[in-house]
Amino acid sequence: MHTFCKSLTLGISILIVLSVAVLSFAQSAPPTPAGLPGDGRLPASVPGSVTSKNDVPRSLAPYFTPAIGAPKPTDPDGFIQRWMLLEPIVKQNRSNTPFVGTYVRKAFTAEYFPDQFTVVPRDGDKVTVNNQELKWHALDSAAFDVKLFRFAYGLNKPTYGVIFWAVAVVDSPHEMKNVRMAVGSNSASMWWLNGNEAANLFDDRRMVMDDVVSNRLTLQKGKNTIRGAVINGPGLSDFCIRFIDEDGNPIKDLTVAVQK
Amino acid sequence: MKSKFLVVVALTMLFICACGTAFAQLGGDPYIHDPSTVIQSDGKYYVFGTGGGGLISDDGYTWHSGAVRPGGGVAPDVIKIGDRYYVAYAVGGGGMSGGHASNVKVMWTKTLNPKSPDFEFHDVGVVASSDGVEDCDAIDPAFLYAKGHLWLSYGTYFGFIRIVELDPKSGKRVLGNKPVNVAIDMEATDLLYREGWYYLLGTHGTCCDGPNSTYNIRVGRSKNPLGPYVDNMGIPLLKGGGKLVVAASGRHYGTGHFGLLDLDDGVQKFSMHYEADMDRSARSVLDIRPLLWKDGWPVGGDNFEEGVYEIQSERSGGALELAVDFVRIDTGRRGGFGAPMPSQTHQNLPVQNGQNPAPPAGGFWGSPAGPVTPLPNQTLDQDSAVWPQGSIGVDLNDYMVRPHQIWKIAPVPDAGGYPGSPYFKITIAGTDRALAASVDGEVVTAPSFTGAPEQLWRIDELTDGTYRIMPKHMPGSDDQVALTAIGASSLALIRFDHNSDKARWNFRRP
């Protein structure tokens, strides 16, 4: 009897300890993410890649081709298709609801790699971020937009909970005053022209062409550096950029060369 | 003591909040998420939602659970073609359980009434799918049957919205038909056809986040059902375009999942859910509202708001009024530049602050000779002094801001309703005298509101923003009739003619 009582007491104690442990875990687990399509549950593999039973070998095709050869003009609607893209930096976010302006500014002004606001990278250049080696890729987008999700997915890199950096050096045949940078992105993003902040897209967003249009800018004759950062939780990271004139017409006589 | 005080304050606030609760638009328990198109079957209205089941209503206003839809899955849609109700729904995908692999399934039944012996769903099978890798997630299906073709749109924020064609006789995918990409940045699409244009509506923004859901419904159009769809600025929906149809307002956040409810006779409504009804614990609820059309674009209208109005005929501009003697406002002046007539004194002027005001000098024109002061409108007591007792007829006349031309319109609790709205009573403001239908299609006012069916009014906003006004019942007849200006000044209740201005009305603030 005495042994039985001891065993029972021990069993109850273990049960209590386990219960407390379970409750503690539940309380410390992140809240159910909200603001997602469907029922709000995240893909099981966050941060990670899209999973599928039919997972096939991945590539950047048909979304991107290597940027080689002659300078690339804009597409017929003025969208810039040639970019230097850095493999994604992991920045865990289980939803996109935090992407208010304050958060995004802080996320992008943190230093991830040296000279991140001045570097003009070349294809194959590498940086180390949080002990992860990340590579710059010189790519031409097949579409008007730059499907960052497909960039990451094609390289077997994390697709959700990420920050992408993008750089393009745009050549203008002459000085152009009073132009505007027109941007769409999924999700939040910030964009600089020649080192100056030009357009900010805060809060959770889908990519809409000409979503945010900058104040009047000047494209200098010759080279102009566009630099951008896009952040996303779960979602199809993406952006599109073009310049428009005062009447809202696209500027099409710009080219982007391969950086050597 | 302090804690008791705080409890009292809390309870008081709760009471105040409860008393200040806005009049809910749909009655009963309209709780649903991702609603299908609202559809009629065997004399009742049905709507289905995510997860299975759905709601039923006898009148389109008061809703309760009880609709039956097997198969589970998300965001169904329903359409009636011939003697079949086709239901489409999606299983898998949506980012749930880790992926975007999904199947859109179709089934049919001859009735949606679960108590009918004809109620039995027959599986058609999978009509669209996504493999989890391609640029599409096959959820949120929506039907359009137009010009002999049955189209199905589907998709969500992962990749493209796509359209496929189904066989209207079987519900199956047309042999060899390939999906076409038509939009991005949306989910919960719906398709409309009107006057040569195809419209693709979709929900933008975030769902499923209660009062922080940014869900809103947008639209593009095309002459071709397979696009390209563009919005009012010419921005392709394949590039994120979309003209706003309806967004959050008042106490309702997160509008999504548009469905057309075409009631014929020029009356169109649409159903949707709010992610959060702040008067119902921020729960996801169904609503039904008027659909307007402006310059070829659908616009989400608002349900009629109770208040005090002039009711103006679109035909003649005349105001609905009691057919009573016109009572003049006597200011003690006559028109023109002349001095006051000896027989006119200030005793007829309305009393102000307990004293008879001094007579104003001069007529109504020219520079004022004395102080300029506001004069009150005619009061109800002054106007009603000449009204007869009992029933009083109505007519149309020039609007003069007279009490016999000003109406209070208020919803009637527990009297039922019609799609999207409760019935209203229409009374002369400040009185209980109520507009009523009488026998032989006449319109009168009864001395008091009794709640009888002939005193209950249905107010539907038409697609051009004017209104149709119909009694719930006309004594001695089962005809559906509407308030109609049969002459510039005369009214009757006759069959609604949506092609004429004579049965269209405007509600103007007095």
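Undergrad: What is the right way to read the pairing of strand S34 (residues 491-494) of chain B from this model?
TA: Every regular strand shows the same layout, with side chains that alternate between the two sheet faces. Residue and element names in this part refer to chain B. Where burial is concerned, the two faces of S34 differ: the one with Leu-491 and Leu-493 is buried and the one with Ala-492 and Ile-494 is not. For strand S33 (residues 482-485) and S34, the ladder comprises four bridges, and the chain directions are antiparallel. Bridge assignment links Thr-484 to a residue of S34, and that residue is Ala-492. With antiparallel pairing between neighbouring strands as the criterion, S33 and S34 make up a hairpin whose turn holds five residues.

Undergrad: Can you help me understand the domain arrangement of chain B in this one?
TA: As a measure of interface size, the accessible area lost when the parts come together is often cited. Residues and elements named next belong to chain B. Each assigned domain of chain B is listed here: domain 1 (25-300) and domain 2 (307-326 + 380-508). One C-alpha centre belongs to domain 1, the other to domain 2, and the line joining them spans 36 Å. Across the contact, 19 residues belong to domain 1 and 15 residues belong to domain 2. Counting only elements with at least two residues in the side of domain 1 that touches domain 2, the list comes to strand S19 (268-277) and strand S20 (283-294). Here the side of domain 1 that touches domain 2 takes six residues from S20, the largest share from any one element. Here the side of domain 1 that touches domain 2 is built from residues that sort into nine nonpolar, six polar and four charged.

Undergrad: What is the right way to read the environment of Asp-137 of chain B from this model?
TA: Residues and elements named next belong to chain B. Tracing the sequence through the fold places Asp-137 in the loop between strand S9 (122-131) and strand S10 (142-146). A tally of 28 C-beta atoms within 10 Å means that Asp-137 is categorised as buried. Through-space distance from the C-alpha of Asp-137 to that of Gly-66 is 30 Å; in sequence the pair is 71 residues apart. Once you skip the residues sitting within four places of it in the chain, Asp-137 turns out to touch Gly-93, Gly-94, His-100, Ser-102, Ser-130, Gly-155, Thr-156, Phe-158 and Gly-159.

Undergrad: Before we go on, may I ask you to explain unusual backbone geometry in this structure?
TA: Of note, the bond from Ala-61 of chain A into Pro-62 of chain A is cis; its omega dihedral lies within 30 degrees of zero at 0°. Structurally, Pro-62 of chain A can be placed in the loop between helix H1 (2-28) and strand S1 (64-66). Cis geometry is found at the peptide bond from Asn-186 of chain A to Ser-187 of chain A, where omega equals 5°. Along the chain, Ser-187 of chain A turns up in the loop between strand S8 (176-186) and strand S9 (188-193). One non-glycine residue, Ser-281 of chain B, adopts positive backbone phi at about 55°.

Undergrad: Would you mind showing me how to read the sheet that holds strand S6 (residues 74-81) of chain B here?
TA: Neighbouring strands of a sheet are bound in pairs by backbone hydrogen bonds; such pairs are parallel or else antiparallel. Residue and element names in this part refer to chain B. Spatially, S6-S7-S8-S9 is the arrangement adopted by the four strands of the open sheet, whose pairing is antiparallel. At either end of the open sheet lies a strand with only one pairing partner, and these are S6 and S9. Neighbour to neighbour, the strand axes of the sheet diverge by 20° on average, direction disregarded. In this structure, strand S7 (residues 84-92) lies alongside strand S8 (residues 101-109), joined through eight bridges in antiparallel fashion. Residue pairing for S8: Tyr-86 is matched across the bridge by Trp-108.

Undergrad: I would appreciate a short explanation of the sheet that holds strand S1 (residues 27-28) of chain B in the present structure.
TA: Residues and elements named next belong to chain B. Spatially, five strands are ordered S1-S5-S4-S3-S2 in an open sheet, and the strand pairing comes out mixed. Only two strands of the sheet have a single neighbouring strand rather than two, namely S1 and strand S2 (39-41). For strand S3 (residues 44-48) and strand S4 (residues 54-57), the ladder comprises four bridges, and the chain directions are antiparallel. Paired with Val-47 across the two strands is Leu-55, which belongs to S4.

Undergrad: What exactly am I supposed to notice about the nonpolar core here?
TA: Side chains of a nonpolar character, in soluble globular proteins, are inclined to be buried together. Within the largest apolar cluster, 76 residues are counted, with the highest numbers of intra-cluster contacts made by Tyr-86, Val-87, Leu-152, Ala-183 and Leu-200 of chain B. Once you skip the residues sitting within four places of it in the chain, Ala-183 of chain B turns out to touch Phe-160, Ile-161, Leu-200, Gly-202, Tyr-229, Leu-237 and Leu-238 of chain B. With 63 residues, the next largest nonpolar core counts Ala-138, Leu-148, Phe-164 and Leu-219 of chain A among its residues.

Undergrad: So what exactly am I meant to see when it comes to the confidence of the model for chain A here?
TA: The predicted structure's coordinates, where accompanied by low pLDDT, should not be read in detail. Residue and element names in this part refer to chain A. The pLDDT averaged across chain A works out to 84; a share of 79% of its residues lies at or above 70. In the predicted structure, residues 1-6 sits below a pLDDT of 50 and forms zero contacts with residues beyond four places in sequence or in another chain. Across residues 16-54 the pLDDT falls below 50, and counting only partners more than four positions away or on other chains, this stretch makes 85 contacts in the model.

Conventions used here
- All residue numbers here refer to positions counted from 1 along the written sequence of the relevant chain.
- Written order decides the labels, with chains lettered from A and ligands numbered from 1.
- Local features in this predicted model are restricted to residues of pLDDT 70 or higher, and side-chain atom pairs are both shown and tallied only at a pLDDT of 80 or more, whereas totals for entire chains, interfaces and linings draw on every residue.
- Counting other C-beta atoms within 10 Å of a residue's C-beta gives its exposure: the residue is buried at 20 or more, exposed at 12 or fewer, and partly exposed in between, where C-beta atoms are placed from the backbone.
- Only DSSP runs of H or I reaching four residues or more are called helices, and only runs of E reaching two or more are called strands; each is numbered from the N terminus.
- Note: two strands are recorded as paired if DSSP finds a minimum of 2 bridges between them.
- These domain boundaries are the output of an automatic or database domain assignment.
- This entry defines residue contacts through backbone-placed C-beta atoms, with two residues in contact when those atoms are within 7 Å.
- Only Asp, Glu, Lys and Arg are considered charged in this grouping, and only Ala, Val, Leu, Ile, Met, Phe, Trp, Tyr, Cys and Pro are considered nonpolar; every other residue, Gly among them, is considered polar.
- Here an angle of 0 to 180 degrees is reported between the N-to-C directions of two axes, which are lines fitted to C-alpha atoms, with helices fitted over the stretch in contact.
- By convention in this section, buried Ala, Val, Leu, Ile, Met, Phe, Trp, Tyr and Cys residues joined through C-beta atoms within 7 Å make up a nonpolar core.
- pLDDT is defined as a per-residue confidence score from the predictor, taking values between 0 and 100.

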